[in-house]
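Coordinate analysis (summary)
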Amino acid sequence: MAERKTERLMNLIFALLVSRQYLTKDQIRESIADYRDSTPQAFDRKFERDKEELRELGITVEMGQNDKYFNDEPGYRIRRDEAELPDLELTREEAAVIGLATQVWEHAGLASDSTTALVKLKAIGVDVDTSVLRMAEPKLSTDEPSFDTMWEAVTRRIPVSFVYARPGREPMERHLQPWGIISWHDRWYVGGFDLDRGEVRIFRLSRVIGEVETIGAPGSYDVPEDVDMKHIARNLFPPVSDVAAVLRIRAGRGQSLRRLAEKVTPLSDDLDEVEIRYSSRWELASEVASYGPDVVVVSPPDVREAVIERLKAAARGGLEVRS
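Please read these numbers as outputs of a predicted model, since none were measured by experiment. (Residues numbered from 1 in each chain as written. Predicted model: local features only at pLDDT ≥ 70, side-chain atom pairs only at ≥ 80, totals over all residues. Heavy atoms only, no water.)

The next subject is helix 8 (residues 147-156). Those residues of helix 8 lying buried are Phe147, Met150, Ala153, Val154 and Arg156. Phi turns positive one or two residues past the end of helix 8, at arginine 157, with a value near 55°. (Buried < 20%, exposed > 50% of the residue type's maximum accessible area, 1.4 Å probe, protein only. Helix = DSSP H or I, 4+ residues; strand = E, 2+ residues; numbered from the N terminus.)

Further remarks concern helix 4 (residues 40-56). The terminal C-alpha atoms of helix 4, which comprises 17 residues, lie 25 Å apart, in line with the 24 Å expected from a rise of 1.5 Å per residue. All of the buried residues in helix 4 are Ala42, Phe43, Lys46, Phe47, Asp50, Lys51, Glu53 and Leu54. All buried residues of helix 4 lie within an arc of 160° about the axis, which places them on one face of the element. (Expected span 1.5 Å × (residues − 1). Arc of directions from axis to C-beta.)

Another point: the environment of isoleucine 158. Note that isoleucine 158 resides in the loop between helix 8 and strand 3 (160-164). The class of isoleucine 158 is buried, set by a relative accessible area of 6%. The spatial distance from the C-alpha of isoleucine 158 to the C-alpha of aspartate 222 is 9.9 Å, given a sequence separation of 64 residues. What isoleucine 158 contacts, discounting residues up to four positions off in sequence, is Ala153, Pro178, Thr214, Gly216, Ala217, Pro218 and Tyr221. (Contact = heavy atoms within 4.5 Å.)

This part is about the packing of aromatic side chains. A full pass over the atoms with the stated rule returns nine aromatic pairs. Centre to centre, the rings of tyrosine 35 and phenylalanine 47 are 6.2 Å apart; their planes meet at 90°, and the pair counts as edge-to-face. Of this pair, tyrosine 35 sits in helix 3 (residues 33-36) while phenylalanine 47 is found in helix 4, placing the two residues twelve residues apart along the sequence. Judged by its relative accessible area of 0%, tyrosine 35 is buried. (Phe/Tyr/Trp six-rings, centres within 6.5 Å; stacked < 30°, edge-to-face > 60°.)

Now for the sheet that holds strand 5 (residues 187-194). Pairing in this open sheet of five strands is antiparallel, and the strands run 6-5-4-3-7 from one edge to the other. The open sheet has two edge strands, strand 6 (199-204) and strand 7 (208-214), and neither has a second partner. If you compare each strand with its neighbour and ignore which way they point, the axes differ by 45° on average. Pairing between strand 3 and strand 4 (residues 172-184): five bridges, direction antiparallel. Among the inter-strand pairings, serine 161 is bridged to a residue of strand 4, identified as histidine 175. Across the sheet, helix 9 (residues 229-236) touches strand 4, strand 5 and strand 6, and the angle it forms with strand 4 is around 120°. (Pairing = 2+ DSSP bridges. Axes fitted to C-alpha atoms, helices over the stretch in contact; angles between N-to-C directions.)

This is a description of form; function is not addressed.
Have a look at this one:
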């Protein structure tokens with residue numbers, strides 16, 4: 001759905017940009033497949049929404065007539081002098097960063113955007129060489145169903161509502177003005193102003209249940225200029241305590257837990273023992289349980305019991321265990 005909408009917007013831009021005259025609504029509908037396949041009422045709604053989205057992107061759709069004296073039907077166009085950007089000059093390293101994005105994003109919704117950027121750079125003669133950044137090739141996957149809606153809400157400043165479930169607590173509906181999305185300890189979080197609590201909060205996307213609903217118009221709030229999502233995450237996450245848990249993890253598994261480990265002791269070719277300091281028993285238990293049989297708690301007993309409870313919930317269909 002998102003790719004289809006993006007394609008429709010791009011086609012609309014091209015149609016209105018290359019035309020030397022104003023295009024009527026009938027001409028626009030005939031020239032774009034997604035419009036052509038819609039009913040007249042659906043086309044009108046899509047076209048009005050698309051014009052508004054282009055306006056938010058800084059692209060003005062101008063309305064006018066080709067011949068005022070003959071009272072022609074009003075039409076639409078995009079002025080090239082207002083829409084075109086100046087010549088783009090990037091250093092080899094800057095171009096490589098954009099090229100690297102095509103390797104980083106595994107999520108289809110963002111991979112297509114980064115790939116399009118790479119193609120356009122090559123088309124205008126920019127040499128994209130990712131070898132200058134070959135020493136760092138992270139892989140970011142965004143499997144959370146809520147990611148796309150949250151991402152759009154952040155970029156367009158749209159308030160949202162969603163059902164959120166924390167370990168050991170009943171799910172609650174939350175209302176948020178999202179400011180940004182951040183990857184923190186191998187998990188995706190959205191942060192912003194919590195309308196229910198009246199303060200800045202952060203939410204893990206994997207704990208969002210069901211659909212994320214938009215509850216306001218684009219641009220209906222402002223994000224503070226000095227917002228730093230990493231700083232917010234550091235302040236809102238509980239400090240690491242002196243309590244340590246001992247886990248046994250299969251080789252090649254439990255990467256998010258391994259990154260938190262203060263000590264790793266190989267026990268065999270396919271098994272390591274790691275020591276992790278933690279603040280929340282439920283948080284750690286939830287993370288351990290998500291790896292199923294690949295991670296086992298040795299101590300303390302209360303964390304082990306919490307993991308058992310989570311695994312029992314998984315057996316009843318309430319938890320997704322990682323492969």
